[in-house]
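Each chain, written out:
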Amino acid sequence: MGSFWSEPFLWIHLAGISVLPLCLGVCLLGLASGEPLLPVWSEIFLVAAVGIVPVLWMQLMRPFNIFSVLIFALKPEQLTSQQKQILSLFKKTGNKVLAMIGATLLGWVLWQIYSLAPSVPALARFAPGWRGAGLLVAAIGFLLSNLFLQVPLSVCGVLVTSDSTFSQTEAYPREKIDGDFTTPGFQVNSIWPFTSVETAPNSQKSESAMEDSSSTSSS
């Protein structure tokens, strides 16, 4: 186990893959609606383009900043050296290869879902009545599917890094984080209960210093 495996943000975003089946289910529901408006390849291409391209571009050009939860993200200046080292790993070539593999895999899954949709008539009761709306639902579901696969895949790429490699990894420059990573939500100083591992010792030192100061004053 790597020394950086204790970073909670890695595990939070790795757990996001559990949402993938639900998102694919939404995609299937959308494709089960109405009769096709366009040729098969046109509809598949439309859903694939909306679902794959934005997330793949993000992971290749400006990887998702995992130091965020829901609508909040840690400010770059609040990140520890270890967290900035982790960000550097998201920029390595191996993660870009994983992103391409993930996009290809989900493209194949989309084809399977499209072929399966007509054979699941029970879904038609819950699917949108108009095919256009169904394609929109399918595209949104597929977009979320890509997001909840690509981010955990990139986390896996970081987790397999050896301790020796990690120790030699330089911390990502703080001033470049906002420009080089996709950071969702509002930036805050801390996201409870995930506190910086570097601030705790400092705060303890401050408390000790205050106690020593008080003792000196009393004497």
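Before any of the text, the structure's been laid out above.
Description of the structure in this document. Quick caveat: nothing in here was measured; it's all calculated off a predicted structure.

Remarks on the overall build of the protein chain
Next up, step 1: If you tally the helices and strands in the protein chain, you get nine helices and three strands.
Next up, step 2: Starting at the N terminus and walking to the C terminus, you meet the elements of the protein chain as α-α-α-β-β-α-α-α-α-α-β-α.
Next up, step 3: For the protein chain, buried positions account for 39% of its 219 residues.
Next up, step 4: For the protein chain, restricting intrachain contacts to residue pairs at least 6 apart in sequence, the fraction spanning at least 24 positions comes to 92%.

Quick notes on the nonpolar core
Next up, step 1: Residues Leu31, Val47, Leu110 and Phe142 are the most contacted members of the largest nonpolar core, which totals 24 residues.
Next up, step 2: Residue assignment for this core shows that the elements contributing at least two residues are α2 (20-31), α3 (40-61), α5 (93-116) and α6 (131-159).
Next up, step 3: The biggest single contributor to this core is α5, with seven residues.
Next up, step 4: Beyond its immediate chain neighbours, meaning those up to four positions away, leucine 31 contacts Val47, Leu110, Ile113, Tyr114, Ala117, Arg131, Gly134, Leu135 and Ala138.
Next up, step 5: Membership of the second largest hydrophobic core comes to 23 residues, among which are Phe9, Val55, Ile66 and Val158.

Observations regarding unusual backbone geometry
The phi angle of most residues is negative, glycine excepted, and most peptide bonds adopt the trans form.
Next up, step 1: The backbone of leucine 70 shows a phi angle near 55°, a positive value even though the residue is not glycine.
Next up, step 2: Looking at the element boundaries, leucine 70 is found in the loop between β1 (68-69) and β2 (72-74).
Next up, step 3: Owing to a relative accessible area of 78%, leucine 70 belongs among the exposed residues under this scheme.

Points about the pattern of salt bridges
Next up, step 1: Under the counting rule described, the total for this entry stands at one salt bridge.
Next up, step 2: Its salt-bridge partner being glutamate 43, residue arginine 131 comes within 2.6 Å of it at the nearest N-O pair. Taken as a pair, arginine 131 in helix α6 and glutamate 43 in helix α3 lie far apart in primary sequence, 88 residues in all.
Next up, step 3: Its relative accessible area of 1% is what places glutamate 43 among the buried residues.

Parameters and conventions
- Residues numbered from 1 in each chain as written.
- Predicted model: local features only at pLDDT ≥ 70, side-chain atom pairs only at ≥ 80, totals over all residues.
- Heavy atoms only, no water.
- Helix = DSSP H or I, 4+ residues; strand = E, 2+ residues; numbered from the N terminus.
- Buried < 20%, exposed > 50% of the residue type's maximum accessible area, 1.4 Å probe, protein only.
- Contact = heavy atoms within 4.5 Å.
- Core = buried A, V, L, I, M, F, W, Y, C linked by side-chain atoms within 4.5 Å.
- Salt bridge = Lys/Arg side-chain N within 4 Å of Asp/Glu carboxyl O.

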